[in-house]
Amino acid sequence: MSYHQFKCSECIPERLEHAVDKLPGEELTDALPLGYLNTIPGTISERGCAYCGAKHVIGTPMKDVIHISHGPIGCTYDTWQTKRYISDDGNFQLKYTFATDMKEANIVFGAEKMLKKNIIEAFKAFPEIKRMSIYQTCASALIGDDINAIAEEVMEEMPDVKVFVCNSPGFAGPSQSGGHHKINIAWLTQMVGTVEPEIYSKYVINYVGEYNIQGDQEIMKDYFHRMGIQILSTFTGNTHFDDLRGMHRAQLNVLECARSSEYICDELRVRYGIPRMDIDGFGFEALSDSLMKIGYFFGIEDKAREIIEEDTARWKPELDWYAARLKGVKVCLWPGGSKLWHWAHSIHKEMGVEVVSVYTKFGHQGDMEKGISRCEPGALAIDDPNELESLEAMYELKPDVIFTGKRPGEVAKKIRVPYLNAHGYHNGPYKGYEGWVRFARDIYNAVYSPIHKLALIDISKDEFPTDKGFETSQSLSDVKLTDEIKNSPDLKQCTSKYDPIPEIRAKSGYLFPDPETGVLREVPIEKLRKNKVVEVE
Amino acid sequence: MDKKTAEEKMAQLEWYISKHCLWQYNSRGWDREKQNERILTKTKMLLCGENAHEEETTADRYYWSEAITLVGAFKRYFPWIEETSKEDFTVIMQLLKDKMDYTMIKGSLNKELIKEQY
């Protein structure tokens, strides 16, 4: 591998070691982009800050919590509702956001009194909510407000509430990744072990690094429950504050997004002896291997096999319909931190697309090791790209579609490259067998939409044919197919419902083996939604 | 089995692991050493028909789960696995362990591997 020199970054020589071409026959030991370093002055990074990483990625998906930022209003506004981490009980965490709205006077005279007033006011405004997470910002960190002391005062005065404090101001690291680290460790130190949860199954896990984007967690939860596995907590999608206080009682931590949550898994392993098992919930083969691994751990691999066989038979013909039409489509896989490695190999192998570039905004070198290993030779790997580098790469690589966030996605659209939202998704969930077909459908619709041609015509002045019918996605995609594939009775388009999640939520319960006797008994869905915990004195 | 054949077979197994396995990428060098040692040793034991349960701990159970999943995948991908002798597995798996220790730890360019704390 060799470093990739962007022409636009010749004036920023430090950028050279942040991009690498994966050449045939070369290995990770030949070259690896630098990562998780401070953004170089002069380059316009697409990164978020450490406050955003703590609050927006990890804190806010908790569903029964008042999430309050101690800082100016803009910090909370810009981290509100920008990700689709839904919950199964009304989406309080998406509907409301809270800030202490610090102003100049607070910076000069301190804002602790105002913070306390805000906390009490918020609890009174939402009396059914008894849990709070306070996020420090740059402003409150710089003036030295003691948020923990205020939280203690409030908890003394209001004994039925619990408050978690996350001290991760925007400057606490090179990117949002610094915030992931801080909130992982803060949660473990302040909260884990402060309740004892009820255990109702022989098999108990924490599902870590999963944020329920458009229902991902609920899809995976259904698989685990069908296997008889109790999910003590999900860190942190669609989960209760108190569930996460009982993480120490799991037998296994099943880790999905290692970039954002490996820290808490590693520490739970050191402090409580709970093993960490990294899995992939994306892609038929990777998901099947992951379910099997978990099955082997508990000795219930037959249960995993049943799900794999049933869901593969149900959804594979639909995946293959898209795979036949996506073969050779060029993709820039440009997500935030973990999807470059979750997706790189699976989309190539199972959908036939060619990953021409991987990048990560806030990943570390370990993420690049995974991403580069999992893509094919010829790909360009970029760490923390700036906007000009992204544009140069797109002009050079000519991708048919890019998978990225909303901001770089809009940049791509300006040069007429379609994009799919790799963070919040277009029509997710993308996890699970059905989800993977939904992802394939979204890629297909992005690449073959007739709008890309139509948008180039200015009907006020351009000549355009009036003797032809409209093109459709399928008329464009099927040009290159053989009749055998076009007319195959075995392949069919996605039949997934508009939203597959309500059906899962409507289930009445699941069978779990009793922790003592192993006898199967049904646990109703209401109990699965809210597990009992007992406070530890 | 001659050295060249053993190396070719080792390269196939290494390719599979590089595309599919996340356990090799723990963020610290000492952690990767342990992962490689425990999972690849158990994989070798299972390939050689031995009982790879060494302790009654959840940690051991975890390493075993990764190893048995890997063995299943090796059998799916590489038909030669079924015809390979115990002696040859020992050679191939030692080559694999040495190669992975080099690529992922000793020769790795990842600067975070030498940090002590998580």
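Everything discussed here concerns the structure shown above.
The rules we used
Residues numbered from 1 in each chain as written. Chains lettered and ligands numbered in written order. Predicted model: local features only at pLDDT ≥ 70, side-chain atom pairs only at ≥ 80, totals over all residues. Contact = placed C-beta atoms within 7 Å. Helix = DSSP H or I, 4+ residues; strand = E, 2+ residues; numbered from the N terminus. Nonpolar A, V, L, I, M, F, W, Y, C, P; charged D, E, K, R; others polar. Expected span 1.5 Å × (residues − 1). Buried ≥ 20, exposed ≤ 12 C-beta atoms within 10 Å, placed from the backbone. Axes fitted to C-alpha atoms, helices over the stretch in contact; angles between N-to-C directions. Parallel < 35°, antiparallel > 145°, perpendicular 65-115°, else oblique. Pairing = 2+ DSSP bridges. Right-handed = clockwise from strand over helix to strand, strands pointing away.

Engineer: Talk me through the interface of chain B and chain A; I want residue IDs and the actual numbers.
Structural biologist: Counting residues at the interface gives 24 residues for chain B and 28 residues for chain A. At the level of secondary structure, the elements contributing two or more residues to the side of chain B that touches chain A comprise α1 (3-20) and α3 (58-77) of chain B. Of all the elements, α3 of chain B adds the most residues to the side of chain B that touches chain A, at nine residues. Here the side of chain B that touches chain A is built from residues that sort into nine nonpolar, ten polar and five charged.

Engineer: So what about helix α14 (residues 339-351) of chain A? Which residues, and what values?
Structural biologist: Residues and elements named next belong to chain A. If you check α14, its first and last C-alpha atoms are just 16 Å apart, much less than what 13 residues at 1.5 Å a residue would give, namely 18 Å. For α14, the buried fraction is high: eleven of the 13 residues fall into the buried class. For α14, the full list of buried residues reads Lys339, Leu340, Trp341, His342, Trp343, Ala344, His345, Ser346, Ile347, Glu350 and Met351. Looking one or two places after α14, you find Gly352, whose phi comes out positive at around 80°.

Engineer: Got a sec to walk through the packing of helix α12 (residues 284-298) of chain A against helix α13 (residues 301-326) of chain A? Specific residues and values, please.
Structural biologist: When two helices pack together, their arrangement is given by the angle between the helix axes and the distance between those axes. Residues and elements named next belong to chain A. At a minimum axis separation of 9 Å, α12 and α13 run at an interaxial angle of 170°. One element, α12, and the other, α13, form an angle in the roughly antiparallel class. Here Phe284, Ser288, Leu291, Met292, Ile294, Gly295 and Tyr296 of α12 lie close against α13, whose contacting residues are Glu301, Lys303, Ala304, Ile307, Ile308, Thr312, Lys316 and Leu319. Looking at side-chain class alone, the contact of α12 with α13 contains nine nonpolar, three polar and three charged residues.

Engineer: Could you give me a rundown of the sheet that holds strand β15 (residues 401-404) of chain A, with the residues and numbers involved?
Structural biologist: All names here are of chain A. Strand order across the open sheet formed by seven strands is β1-β2-β14-β13-β12-β15-β16, with mixed pairing between neighbours. Edge positions in the open sheet fall to β1 (2-3) and β16 (419-421), since each of these has one partner strand only. Relative to strand β2 (residues 19-21), β1 is paired through two bridges, and the arrangement is antiparallel. Residue Tyr3 lies in a different strand from β2, and its bridge partner there is Val20.

Engineer: Outline the sheet that holds strand β3 (residues 66-70) of chain A, listing residues and values.
Structural biologist: Residue and element names in this part refer to chain A. With parallel pairing, the four strands of this open sheet are ordered in space as β4-β3-β5-β6. The sheet is open, and its two edges are formed by β4 (98-99) and β6 (162-166), each paired on a single side. In this structure, strand β5 (residues 131-136) lies alongside β6, joined through five bridges in parallel fashion. Pairing of Met132 across the sheet is with Val163, part of β6. With respect to the sheet, helix α7 (residues 147-157) is in contact with β3, β5 and β6, its orientation differing from that of β6 by roughly 175°.

Engineer: An account of the pairing of strand β9 (residues 229-236) of chain A is requested, with residue identities and associated values reported.
Structural biologist: All names here are of chain A. Extensive coverage of β9 is indicated by the burial of eight of its eight residues. In this structure, strand β8 (residues 203-210) lies alongside β9, joined through seven bridges in parallel fashion. Bridged to Tyr203 within β9 is Ile229. Read from β8 through helix α9 (residues 216-226) to β9, the crossover connection turns out right-handed.

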